[in-house]
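Notes for the structure review
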Amino acid sequence: NENFTIKTGNLVIGTAGKGIDFSAATTGTGVTAEILDDYEEGVHTSVPTATSGTPTINSGENTLSYVKIGTVVHINGQLGTFQTNGCGGELFVTMPYASQSLAERADYSFLNVVKGDAGADVAHFWIQNTGGSALFQVFAAKTDGSSDGNVAALMANEGNFDLNINGTYRTT
């Protein structure tokens, strides 16, 4: 029997960068890692920013939960009661980790946002990052089929709105 059993306690990896090695498994082309070396669960307090002005989120509705397994971050939660009055241009929210920078748009991250309370003829929102940053830009898909990346300006006169976020992205 070549299995390893831990009857009590935890398996502790005592050296940074070490983990469970899967290199004995058959892999495809383009493999960049075969060691699972990280696991984390947590809560992230998101901070909104805009091209101009200072957007706010209700302090009781500004956290997202996440699970990080290796370089994959699973995130969900609601950022509620956004206010962008007096703001202009683009709207950004922070995520717990910067997205990975890769070539050929392999680093593009898109997170689902179920429409919360929104006006301005918005059908739904999405959040996008093009690699290398923890700032994710909020975009609006409008009911006429167009999209708008200037969400801070678009929603400035609409009062409160929510972003119900669920998705996965890659980090380093």
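Before any of the text, the structure's been laid out above.
Bear in mind the structure is a predicted one, so any value in this text is a computation, not a measurement.

Turning our eyes to something else, we now look at the packing of aromatic side chains. Taken as a whole, this structure holds five aromatic pairs when the rule is applied. The interplanar angle of 85° and the centroid separation of 5.9 Å between the aromatic rings of Y66 and Y97 together place this pair among those described as edge-to-face. Within this pair, whereas Y66 is found in strand β5 (residues 63-69), its partner Y97 is found in the loop between β7 (88-94) and β8 (109-115), the two being separated by 31 residues in sequence. Residue class for Y97 comes out partly exposed when judged on its relative accessible area of 21%. With centroids separated by 5.1 Å and ring planes inclined at 15°, the aromatic side chains of F82 and F161 adopt a geometry described as stacked. Of the two residues, F82 is situated in strand β6 (residues 72-82) and F161 in strand β12 (residues 161-170); the sequence distance between them amounts to 79 residues. F82 sits in the buried class, given a relative accessible area of 0%. Here the aromatic residues F82, F125 and F161 are joined through ring pairs into a cluster of three or more. Across from the ring centre of Y97, 5.2 Å away, lies the NZ or CZ of K68, which sits over that ring.

Here the focus is the side chain of D148. By the element assignment, D148 lies in strand β11 (residues 147-148). Lacking a salt bridge, the buried D148 has K142 as its closest oppositely charged neighbour, with an N-O distance of 4.8 Å. Looking at D148, its side chain comes within polar contact range of the main-chain nitrogen of N150, at 2.8 Å. When residues no more than four places from it in sequence are discounted, the contact partners of D148 are F139, A140, K142 and L154.

Let us look at the environment of G149. Following the sequence through the fold, G149 ends up in the loop between β11 and α1 (151-154). Note: C-alpha distance between G149 and I127 (22 residues apart in sequence) is 9.9 Å. Discounting chain neighbours no more than four positions away, the residues touching G149 are G89, E90, L91, Q137, V138 and F139.

Right, let's talk about the pairing of strand β10 (residues 135-142) for a bit. Most of β10 is tucked away, with six of its eight residues classed as buried. Here β7 pairs with β10 via four bridges, running antiparallel. Within β10, the residue paired with T94 across the bridge is L135. As paired strands, strand β9 (residues 122-129) and β10 are joined by six bridges and run antiparallel to one another. Residue pairing across strands places V122 opposite K142, the latter belonging to β10. Taken together, β9 and the strand that follows it, β10, pair antiparallel across an intervening segment of five residues, in which G131 is found at a positive phi of about 100°.

Glancing now at the environment of M95. Among the structural elements, M95 can be located in the loop between β7 and β8. Residues M95 and H44 lie 51 residues apart in sequence; the distance between their C-alpha atoms is 7.1 Å. Excluding residues that lie within four positions of it along the chain, M95 makes contacts with H44, L64, I75, L111, I127, A134, F136, I165 and Y169.

What counts, and where the lines are drawn
- Residues numbered from 1 in each chain as written.
- Predicted model: local features only at pLDDT ≥ 70, side-chain atom pairs only at ≥ 80, totals over all residues.
- Heavy atoms only, no water.
- Phe/Tyr/Trp six-rings, centres within 6.5 Å; stacked < 30°, edge-to-face > 60°.
- Helix = DSSP H or I, 4+ residues; strand = E, 2+ residues; numbered from the N terminus.
- Buried < 20%, exposed > 50% of the residue type's maximum accessible area, 1.4 Å probe, protein only.
- Lys NZ or Arg CZ within 6 Å of the ring centre and 35° of its normal.
- Lys, Arg positive; Asp, Glu negative; His and termini not counted.
- Salt bridge = Lys/Arg side-chain N within 4 Å of Asp/Glu carboxyl O.
- Polar contact = N/O pair within 3.5 Å; in protein donor to acceptor, adjacent residues only side chain to side chain.
- Contact = heavy atoms within 4.5 Å.
- Pairing = 2+ DSSP bridges.

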